[in-house]
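Tertiary structure, described
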Amino acid sequence: MPDYSDRHLKDVLTRSKTIAVVGVSTNPVRPSYYVARYLGLKGYRVLPVNPGHPGKTLFGQTIHASLRDIDEPVHMVDIFRRSEAVPSIVEEALEVCEGLQTIWMQIEVEHAEAAERAEAAGLTVIQNRCPKIEYQCLFGELRMGGFATGIISSKL
């Protein structure tokens, strides 16, 4: 697994403004739901993608059946699907996502060949990481449980 520097991850999270979350759930106890919600609360434009719920609304956005249904630039595609689903998602993203800069695969999601394909197309690829966790670590938001954030605060 690649070792992503804090600077690299922070750069990706800083330059990305619109994130398509593929595999987002409408169930609030699922990680894809609360990660997407968190990213939206942090100012990202989150575009939910789930073929099981097209047309429904989540976080004020219409859920898209696929990346093909998005008609605006997408800077990052965050993949909440099993590793074997990654190649087709990457191919679709490369074909239809205007402005695409990053393919981000969630924790336990990796696919070497799809990553190589995306990198060959000039994209940044992050595998087996969570943008919510990385954001919290890199922007000083982990306070509970004694995490060292480098920020001294009495507010938990």
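Okay, so let's go over this structure. Everything numeric in this text was worked out from a predicted model, so none of it was measured. (Residues numbered from 1 in each chain as written. Predicted model: local features only at pLDDT ≥ 70, side-chain atom pairs only at ≥ 80, totals over all residues. Heavy atoms only, no water.)

Focus on the overall build of the chain
Per the secondary structure count, the chain includes 5 helices and 7 strands. Seen in sequence order, the chain has helices and strands lined up from the N terminus as α-β-α-β-β-β-β-α-β-α-β-α. Looking at the chain as a whole, 47% of its 156 residues qualify as buried. Restricting to contacts in the chain with at least 6 residues of sequence separation, those with at least 24 account for 62%. For the chain, the accessible surface area stands at approximately 8,400 Å², while carbon and sulfur atoms represent 49% of it. (Helix = DSSP H or I, 4+ residues; strand = E, 2+ residues; numbered from the N terminus. Buried < 20%, exposed > 50% of the residue type's maximum accessible area, 1.4 Å probe, protein only. Contact = heavy atoms within 4.5 Å. Areas by Shrake-Rupley, 256 points an atom, 1.4 Å probe, with all protein chains shown as cover.)

Describing the packing of aromatic side chains
A complete count under the given rule lists 4 aromatic pairs for this structure. Between Tyr-135 and Phe-139, the aromatic rings sit 4.4 Å apart at their centres with planes inclined by 25°, giving stacked as the arrangement. (Phe/Tyr/Trp six-rings, centres within 6.5 Å; stacked < 30°, edge-to-face > 60°.)

Concerning the packing of helix α3 (residues 86-96) against helix α4 (residues 112-120)
Running from amino to carboxyl end, α3 crosses α4 at an angle of 15°, the nearest separation of the two axes being 9 Å. Between α3 and α4, the angle falls in the class roughly parallel. Where α3 crosses over α4, the two elements pack in a sense that is left-handed. Contacts between α3 and α4 involve Val-86, Pro-87, Val-90, Glu-91 and Leu-94 from the first element and Ala-114, Arg-117 and Ala-118 from the second. Counted by class, the contact of α3 with α4 contains 6 nonpolar, no polar and 2 charged residues. (Axes fitted to C-alpha atoms, helices over the stretch in contact; angles between N-to-C directions. Parallel < 35°, antiparallel > 145°, perpendicular 65-115°, else oblique. Left-handed = near helix turned anticlockwise from the far one by under 90°. Nonpolar A, V, L, I, M, F, W, Y, C, P; charged D, E, K, R; others polar.)

As for the side chain of Arg-129
Relative to the elements of secondary structure, Arg-129 occurs in the loop between β7 (124-126) and α5 (131-138). A residue is classified by how much of its surface remains accessible, and Arg-129, at 15% relative accessible area, is buried. In this structure Arg-129 touches Asp-3, Tyr-4, Leu-9, Trp-104, Met-105, Gln-106, Ile-107 and Glu-134, once residues within four positions along its chain are discounted.

Quick word on the packing of helix α1 (residues 6-15) against α5
Interhelical geometry of α1 versus α5 gives an angle of 110° and a closest axis separation of 10 Å. Between α1 and α5, the angle falls in the class roughly perpendicular. As α1 runs across α5, the sense of the crossing is left-handed. On α5, the residues touching Asp-6, Leu-9, Lys-10 and Leu-13 of α1 are Pro-131, Glu-134, Tyr-135 and Leu-138. For the contact of α1 with α5, the class distribution of residues is 5 nonpolar, no polar and 3 charged.

Some remarks on unusual backbone geometry
A positive phi angle, near 55°, is found at Phe-59, a position not held by glycine. Assignment of secondary structure puts Phe-59 in the loop between β3 (57-58) and β4 (61-62). For Phe-59, a relative accessible area of 32% gives the class partly exposed. With phi around 60°, Asn-128 is a residue other than glycine that occupies positive phi space. Along the chain, Asn-128 falls in the loop between β7 and α5.

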